[in-house]
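Residue-level structure breakdown
What follows is each chain in one-letter form.
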Amino acid sequence: MTQKNAEHGNAGLSADSTGSSQAVPGQALRRRAEEKAVRLPETLEALPPGKMRQALHDLRVHQIELEMQNEELRRTQAELEASRARYFDLYELAPIGYFTLSGKGLILEANLTAAALLGMARGALVNQPLSRFILPEDQDIYYRHGKQLFGTGMPQVSELRMVKKDAALFWARVEATAVQAPDGTPLIRAVVSDITERMLAEEALRKAHDELGLRVKLRTADLARVNEELRKQNSLLESLFANVGFLLAYMDSGFNFIRVNRAYAEVCDRSPGFFPGKNYFTLCPNKENEVIFRKVVKTGKPYFAYQRPFQRACTPGRMSYWDWSLNPVKGPDGKVEGVVLGLVNVTERTLAEAQVIASNTLMRMVLDGICEPLLLLDNTLRIKRINRAAKEYLGLTGFEDAFGKTCFELRERSDPCQGCERPFTSLGSFVGAFERKSPVDPERLEQIDIYRVAYSSEGEEGTLIRITDVTQARLLQKQLIQSEKLASIGLLVSGIAHEINNPNNFITFNIPILKNYLDTLLPITDGFAAEHPEFNPFGMSYEEFRKDIFDLIDNMKHGSDRINATIKGLKDFSRKREGIERRQVDLGQVIKKVTALCWSEMKKKVKFFDVSVSEEFTHCYTDPEAVEQILVNLLINAAHASDKENSRVRLSVLPGERRPQQCIIEVSDNGCGMTEETRAKIFEPFFTTKSDAQGTGLGLYVCHSLVEGLGGRIEVKSEPGKGTTFSIIFNNMDRQQVRDAAMNP
């Protein structure tokens with residue numbers, strides 16, 4: 001039994017003091033088992049006598065040995081599994097590719113990362129030459145790498161381009177080591193890592209460096225002269241740092257100066273050698289800037305500031321302005337190791353910008369002070385600037401709403417407004433002025449003046465548009481022309497009236513004499529005709545002859561009267577009245593006189609004639625003759641316009657609705673009415689729609705002139721087929737003026 005236990009003990013494993021497992025002698029294992037067996041609980045009643053007790057003891061010790069061996073085996077197995085897991089993590093899941101190559105460059109083994117780099121399954125890589133995945137242009141690098149590896153036996157590193165299965169390229173760093181297999185055959189252990197991002201970054205850095213060199217060459221004349229000599233990168237950076245016009249300072253992460261350029265030192269009245277080793281905030285204490293500096297170091301993000309004001313203690317009152325930046329410098333581990341401070345003096349630019357802003361403000365004030373809309377358009381006729389009057393004219397809430405748009409787009413139109421087609425069609429080449437109806441108010445007339453101007457320092461040209469309301473000017477011009485025409489017509493009418501009136505006076509004077517002669521001669525001819533029934537003068541009976549003579553005389557008299565009436569109208573038209581003679585007037589009496597004058601004409605044409613005078617206007621302070629002439633003309637016109645069986649004319653006098661001191665006289669009818677075109681011309685002299693026997697076209701012109709002379713206005717409402725209403729509105733005097741006028745007639 002003891003020998004058997006010893007054999008079992010020799011097969012066991014033991015853990016040393018460091019925790020690693022190893023084989024231990026069987027006696028030691030048995031001794032440890034016996035020590036545990038002694039500590040097992042026993043009861044005296046359960047122990048067998050003699051050897052049975054010893055056998056039981058041996059069995060227990062053997063059982064404990066087995067348990068200890070099993071425990072050692074389990075721990076060894078766990079350590080093996082952990083070792084395998086570490087191997088899998090370190091080899092299979094490594095972030096870089098591992099290859100085992102034969103001496104001929106065939107792939108014997110590859111980890112998962114290596115297979116992923118080449119875009120193939122790991123099994124498909126076995127026995128494939130690694131050179132198959134190297135870009136043909138870089139094959140020489142690979143072969144030279146292998147030759148040096150076996151020639152020197154030293155590890156080799158190369159960077160080349162490799163091709164994936166899908167033909168995608170990537171940059172790879174290959175680190176190769178020569179080893180031997182257990183059977184002595186040469187092997188190659190190759191480590192491949194993707195350095196595409198680094199290579200792209202280096203390429204981008206080279207491009208940025210070249211661009212910076214170009215900018216420095218263009219902006220700095222001094223650097224342009226030495227740029228030809230400083231071709232190498234280190235020399236170029238050294239010259240750039242030392243001679244660049246803006247200020248540069250390189251500091252560590254604790255803001256201790258490492259180096260400054262000459263410009264920085266000169267601004268501080270120091271030499272560049274003064275600064276290294278000194279702390280920035282010891283020389284320039286500033287809590288706000290210190291917070292900014294520490295934030296850049298902490299976050300690794302650059303900081304930029306523009307037009308920061310700065311005042312040196314040695315020059316109080318003298319302010320300068322600076323653009324400055326603070327850029328972190330990171331080490332290989334990504335931590336910020338230092339910062340580069342760059343400063344540019346922009347005092348002149350800042351002051352110039354302030355002057356430009358002030359100039360723009362002044363120009364804006366001047367433009368906004370102009371009451372006419374002004375618009376500045378670019379060559380595409382889109383708005384660059386407008387003044388306040390233009391903003392209000394276009395109905396905008398803010399100036400920004402107009403910029404970049406055409407004026408007709410602001411009115412939600414797809415094409416120019418009526419009257420603006422020519423300038424927009426000419427695409428900015430039109431210069432001059434034209435008139436149009438206002439798109440804002442069709443009743444208004446606008447003059448559009450167009451100028452070509454340069455609106456920028458680069459000489460960009462645009463179009464300046466000025467919009468002027470010329471409604472009143474054109475109306476006054478029209479009135480002036482009309483007045484001049486009327487003055488000329490008045491002179492002409494005066495001469496014509498005189499020349500016509502003289503011969504017509506002979507006719508008028510001689511007609512009664514001729515009639516008296518006939519009255520004397522006709523009894524003789526009557527007797528002769530009675531004695532000679534066959535007497536037929538001029539082919540007609542004597543009765544017809546006798547009647548025709550008097551008809552001819554009546555026609556002559558009627559024609560002469562018409563000439564007199566026309567001459568009288570021409571004289572009234574041409575005669576300038578010397579002022580208005582206002583006095584206290586009883587409107588009732590004026591209207592009675594007017595209706596008596598017009599009654600003969602009214603009763604022929606009108607079936608119903610109504611007169612209504614408000615009690616508030618029984619008396620009025622005005623010119624009675626002017627009122628009489630106005631009403632006579634309007635009533636006669638109303639009678640002539642009557643064309644219905646139930647024709648009606650109404651004359652009314654009433655106070656104004658909004659201003660009670662106003663007097664309103666209305667003459668309305670239900671006659672033929674007028675069209676818009678006719679209504680626009682009725683106050684022009686010699687315009688008439690009547691026949692030659694009914695009017696000369698001067699009546700309404702005279703009415704209009706008289707109403708204006710009274711300081712009032714005349715309004716017309718008419719609708720074809722429904723009738724017309726003329727309203728004469730003029731201001732009455734207040735009661736005190738009426739009383740004063742009554743007391744001082």
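Residues numbered from 1 in each chain as written. Predicted model: local features only at pLDDT ≥ 70, side-chain atom pairs only at ≥ 80, totals over all residues. Heavy atoms only, no water.

Details of the sheet that holds strand β7 (residues 186–194)
Spatially, five strands are ordered β4-β3-β7-β6-β5 in an open sheet, and the strand pairing comes out antiparallel. Of all strands in the sheet, those bounded by a partner on one side alone are β4 (107–110) and β5 (156–163). Ignoring which end each strand starts from, the neighbouring axes of this sheet average 30 degrees apart. One ladder, built from six bridges, connects strand β3 (residues 97–102) with β7; its direction is antiparallel. Pairing of L101 across the sheet is with I188, part of β7. Each of β3, β5, β6 (169–180) and β7 is contacted by helix α6 (residues 139–152), which is oriented at about 155 degrees to β5, the strand it contacts most. (Pairing = 2+ DSSP bridges. Helix = DSSP H or I, 4+ residues; strand = E, 2+ residues; numbered from the N terminus. Axes fitted to C-alpha atoms, helices over the stretch in contact; angles between N-to-C directions. Contact = heavy atoms within 4.5 Å.)

Points about unusual backbone geometry
Most peptide bonds are trans, and most residues other than glycine sit at a negative phi. Look at N127: it is not a glycine, yet its phi comes out positive at around 70 degrees. Here N127 lies in the loop between α5 (122–125) and α6.

Focus on the pattern of salt bridges
If you walk through the whole model with that rule in mind, you get 19 salt bridges. The salt bridge involving E72 is made with R75; its shortest N-O contact spans 2.6 Å. Remark: R75 and E72 occur in helix α3 (residues 51–92); sequence separation between them is three residues, near one turn of the helix. A salt bridge links R294 to E290; the nearest nitrogen and oxygen atoms lie 3.0 Å apart. Here E290 and R294 lie together in helix α12 (residues 287–299), a separation of four residues that amounts to about one turn. Relative accessible area serves as the criterion here: at 26%, E290 is assigned to the partly exposed category. (Salt bridge = Lys/Arg side-chain N within 4 Å of Asp/Glu carboxyl O. Buried < 20%, exposed > 50% of the residue type's maximum accessible area, 1.4 Å probe, protein only.)

So, the packing of helix α19 (residues 587–605) against helix α20 (residues 624–641)
Orientation of α19 relative to α20, taken along the N-to-C sense of each, is 15 degrees, at an axis distance of 9 Å. Taken together, α19 and α20 sit at an angle that is classed as roughly parallel. Viewed along their axes, α19 and α20 form a crossing whose handedness is right-handed. In this structure, α19 uses V590, I591, K593, V594, L597, C598, E601, M602 and K605 to contact α20, whose residues at the interface are P624, V627, E628, L631, V632, L635, I636, A639 and H640. When its residues are assigned to classes, the contact of α19 with α20 shows 13 nonpolar, one polar and four charged. (Parallel < 35°, antiparallel > 145°, perpendicular 65-115°, else oblique. Left-handed = near helix turned anticlockwise from the far one by under 90°. Nonpolar A, V, L, I, M, F, W, Y, C, P; charged D, E, K, R; others polar.)

Some thoughts on the sheet that holds strand β15 (residues 432–437)
The five strands are arranged β14-β13-β17-β16-β15 in an open sheet whose pairing can be described as antiparallel. Among the strands making up the open sheet, the edge pair consists of β14 (383–386) and β15. Across this sheet, the average inter-strand angle for adjacent strands is 25 degrees, counted without regard to direction. Pairing between β15 and strand β16 (residues 445–454): six bridges, direction antiparallel.

What to know about a nonpolar patch on the surface
Side chains of L362, M365, V366 and I370 sit close together on the surface and give an oily, nonpolar patch of about 380 Å² of accessible area. Along the chain, I370 falls in the loop between α13 (347–369) and β13 (374–377). (Patch = residues over 30% accessible without salt bridge, like charges linked within 9 Å, V, L, I, M, F, W, Y side chains within 5 Å. Areas by Shrake-Rupley, 256 points an atom, 1.4 Å probe, with all protein chains shown as cover.)

What to know about the confidence of the model for the chain
Residues at a pLDDT of 70 or more form 75% of the chain, whose mean pLDDT is 77. A low-confidence stretch, residues 1–24 stays under pLDDT 50, and its non-local contacts, those more than four residues away or across chains, total 43 contacts. (pLDDT = per-residue confidence, 0-100.)

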